[in-house]
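# Commentary on secondary and tertiary structure
Residue strings, one per chain:
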Amino acid sequence: MAVELRSRHDITVEVFRRIAWNGEDLIVPEDILRSIDANREHFLGFLERNPDVRIYGVNIGAGDAAGGRLSAEQQTDYLSGLTSATSFGVPLPERVTRGVVLARMASFLGGHAAVTSRLVRHVADMLGGPLPAVPAEGNGGSGEIQALGHLFASVPARVRLEAKEPMALINGSPCASALVADTALRCVGTIHLAEQVLTLAADALQAPHEHFAAALDDMWDDVDEIAALTTVRHLLHGGDPRRRAKQALVSVRVIPRVLAAAYRARAGAALVAETSLSSVTDNPIFVPPAPGQPATVLSNGSFHNQHAIVAIDGWTRAAADLCQLAHALVQGIYSDRTALPGQDNLGVGTLYMPSSAWAEEARAASVPSVLPAAAIGQNDVPNPVFTAWNRSVRADRCLHATLAILATLASQSFAVTDRRASWALQPLLTAVREQLPPVSRRRDLGPELGALTTEFADRAHHDSAASRTELATP
């Protein structure tokens, strides 16, 4: 299947899911390509009418060389290649690099990048094959020129670039748009997984149903908290009628509140992604002529997406909190003689130890991605969006691992107490036991927990790739 783009406003989180995560192709119709060429002619006309105007990366240098006007020979040299690919390290997943290519199209479609249709065709066609490896690490510039330099390094050898086109490839913030959209999608499956595992733990601890009663909906008045209460009630429906006579642990009772904050983080990331993906993020931006408005070129700061940084951090914080909550429930089940009667160090007895380690890793990942200390020269404010995304991925990994440990203990609880989980949670319990059957004699659980963590990560990824309803923005 292919997605047709007629306008930058067609680039939504749903389109990102289809193209970046699910591998669909991209089509730019012929009439849109003709309008792109028409705007290119407007840009060339602007240059001809305004020979004294200094345009960044066109007739003056970039970065600290921006003060000097380029000679004709230097301008030609600017078109021969992209020399900004100095970062290195572990590469981004291809779903993210596909998303960057998609986000780059937003500046092309309305003519604001002033590129040729030939370049637009080539960039769109890049999605038809494997993309270059782009490091997720070491991208410490003010914008995204290092990562974009890797992604588009081969373009000058395949397409004859013209004035402004090199800068239109490597300037702006399409990486931030893709990273925050990827985060919004990753949230979906991971939250679904957390809902089920946390509720399974509450069920193993025989939490009274009153903790999640429908009457609370009218008391709390928050749409996300009501949604979380509704989800937990649904997942617990039809479970074993034997419940404890007193209130459960705090870690059980706050499950809906912590989930609600994760919902809010997911919605925040989706909202930022929706606006970022369709935004013109180029520097400089060409503004085509309009009735009563002559053409102009604007130097600007669209290479920095602060909203994306904050939104990604928001999910990392939510994932870390879910991780801490899962760890608390691990300790709660292990120390509860009703949930695990007569347990000694029979394999599950040390599971709170790796749980603690993963929870601490998540806590470390949740450090806010505050703007780095100022550098020197033109590029004096580094961009931490890649750092924020890397931390969020690490927090996801920690959460999947801690949920695997918690699900294992909950499964063990149901096995040794001969209780049954609710119908809605039976598929999860079956999947857990396929990877890690209940422990009846001592065995090393590390490899099995690793396999279950991978299973959980794959389950979350598949859920995110298939989901549409969760991505609707407020």
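On a predicted model such as this, the values are computed, not experimentally measured, just so you know. Positions within a chain are numbered from 1, following the residues in the order the chain's sequence is written. Thresholds applied to this predicted model are a pLDDT of at least 70 for local features of residues and 80 or more for the giving and counting of side-chain atom pairs; totals over whole chains, interfaces and linings are not thresholded and use all residues. For the side-chain quantities, the full set of heavy atoms in the structure was used; hydrogens and water were omitted.

Viewed as axis vectors pointing N to C, helix α1 (residues 13-21) and helix α9 (residues 174-204) meet at an angle of 95°, and their least axial separation amounts to 10 Å. Overall, the two elements α1 and α9 adopt an arrangement that is roughly perpendicular. Within the contact between the two elements, α1 uses F16, R17 and W21 and α9 uses A178, A181, D182, L185 and R186. The class makeup of the residues in the contact of α1 with α9 is five nonpolar, no polar and three charged. Structural elements are reduced to axes, namely lines fitted to C-alpha atoms, with helices fitted over the stretch in contact, and the angle between N-to-C directions of any two is expressed from 0 to 180 degrees. Only DSSP runs of H or I with at least four residues qualify as helices, and only runs of E with at least two residues qualify as strands; both kinds are numbered from the N terminus onward. Small angles under 35 degrees read as roughly parallel and large ones over 145 as roughly antiparallel, with 65 to 115 read as roughly perpendicular and the rest as oblique. Note on definitions: a residue-residue contact is assigned when non-hydrogen atoms from the two residues lie within 4.5 Å. Gly counts as polar in this scheme, as do all residues outside two lists: the nonpolar Ala, Val, Leu, Ile, Met, Phe, Trp, Tyr, Cys and Pro, and the charged Asp, Glu, Lys and Arg.

Side-chain rings of Phe, Tyr and Trp, where Trp is taken by its six-membered ring, are said to pair if the distance between their centres is within 6.5 Å; with planes under 30 degrees apart they count as stacked, over 60 as edge-to-face, and otherwise as tilted. Applying the stated criterion to the full structure yields two aromatic pairs. Summarising the aromatic geometry, the rings of F43 and F286 are spaced 5.4 Å apart at their centres and angled 75° between planes, so their arrangement reads as edge-to-face. Remark: F286 occurs in strand β3 (residues 285-287) and F43 occurs in helix α2 (residues 30-49); sequence separation between them is 243 residues. Here F43 and F286 have matching classes, each one buried. When the ring of Y334 is compared with that of Y352, the centres are 5.7 Å apart and the planes differ by 35°; the resulting orientation is tilted. With Y334 in helix α14 (residues 306-335) and Y352 in helix α15 (residues 352-365), this pair connects stretches of sequence that are 18 residues apart. Accessibility here uses a 1.4 Å probe with only protein chains present; expressed as a share of the type maximum, an area under 20% marks a residue as buried, one over 50% as exposed, and anything in between as partly exposed. A relative accessible area of 22% places Y334 in the partly exposed class. Taking the relative accessible area as the measure of exposure, Y352 reaches 31% and is therefore partly exposed. By the criterion adopted, a ring carries a charge over it if an Arg CZ or a Lys NZ lies within 6 Å of its centre and within 35 degrees of its normal. Stacked on the ring of W220, the Lys or Arg R257 has its end atom at 4.0 Å from the ring centre.

This part covers unusual backbone geometry. Phi is mostly negative for residues that are not glycine, and the peptide bonds are mostly trans. Residues N283 and P284 are joined by a peptide bond in cis, for which omega reads 0°. For P284, the location among the structural elements is in the loop between α13 (255-277) and β3. The phi angle at D221 is positive, at roughly 65°, despite the residue not being glycine. Tracing the sequence through the fold places D221 in the loop between α10 (217-220) and α11 (223-236). Look at D418: it is not a glycine, yet its phi comes out positive at around 55°.

Without other data, these values stay purely geometric and don't point to any function.
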